[in-house]
Amino acid sequence: MPVEDMLQLWLPLGALAASAFIALATRILKRRRPRRRSMKGLEPGVSLFTSERCPGCDPVRSRLIEVLGAEGFREIKWTEQPDLFVTHTVDRVPTTAAVDGSGDALVWEGMPPIRLVQRWRSFVNQH
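Note that the structure is a prediction, hence the values are computed from the model and not measured.

**A look at the pairing of strand 3 (residues 74-77)**
Across four bridges, strand 2 (residues 45-50) lies against strand 3 in parallel orientation. When the bridges of strand 3 are listed, serine 47 appears paired with arginine 74. For the segment spanning strand 2, helix 2 (residues 57-68) and strand 3, crossover handedness is right-handed.

**Digging into the nonpolar core**
In terms of nonpolar packing, the biggest core is built from 13 residues, with Val46, Leu48, Leu64, Leu68, Phe73, Val117 and Trp120 touching the most fellow members. Those elements that place two or more of their residues in this core are strand 2, helix 2, strand 5 (104-109) and helix 4 (114-125). In terms of residues, this core owes the most to one element, helix 2, which gives four residues. When sequence neighbours within four positions are dropped, the list of residues in contact with leucine 64 reads Val46, Leu48, Gly69, Phe73, Thr96 and Val117. Core analysis: the next-biggest nonpolar cluster, separate from the first, contains eleven residues, Leu42, Phe49, Phe85 and Val99 among them.

**So, the state of the cysteines**
Following the criterion strictly, the structure yields one disulfide and no others. The disulfide partner of cysteine 54 is cysteine 57, and the S-S distance across this bridge is 2.0 Å. The S-S bond linking cysteine 54 to cysteine 57 shows a torsion near 95 degrees; that makes this disulfide right-handed. The same class applies to cysteine 54 as to cysteine 57, namely buried.

About the thresholds
- Residues numbered from 1 in each chain as written.
- Predicted model: local features only at pLDDT ≥ 70, side-chain atom pairs only at ≥ 80, totals over all residues.
- Heavy atoms only, no water.
- Pairing = 2+ DSSP bridges.
- Helix = DSSP H or I, 4+ residues; strand = E, 2+ residues; numbered from the N terminus.
- Right-handed = clockwise from strand over helix to strand, strands pointing away.
- Core = buried A, V, L, I, M, F, W, Y, C linked by side-chain atoms within 4.5 Å.
- Buried < 20%, exposed > 50% of the residue type's maximum accessible area, 1.4 Å probe, protein only.
- Contact = heavy atoms within 4.5 Å.
- Disulfide = S-S within 2.5 Å.

Here's what the structure looks like:
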């Protein structure tokens, strides 16, 4: 097989593999970083969005209590305040949000790392 024919075959496959790798790396990095979004109308502080049938909510609640104390965050339950889930487009639980005084938030779905929660104290207190 001539080199030109091989290039015609392997070049598109290489480009496809590189694109897939970039997409996967981007997705992994997004999971490892909190997302910034506006949550105006939500009280400043750390909020934990939960539901009754959420197997991952108890461990996140325990982590927040461990790092912030029992009074260091607010729990927002789907059964009690579904309007807040809709208003702030919370699609998954557990979701944790650190909201500053101007309504800007750092949002994490799932179990937030301890270091992140420790940093949230200063994020919330600086405004």
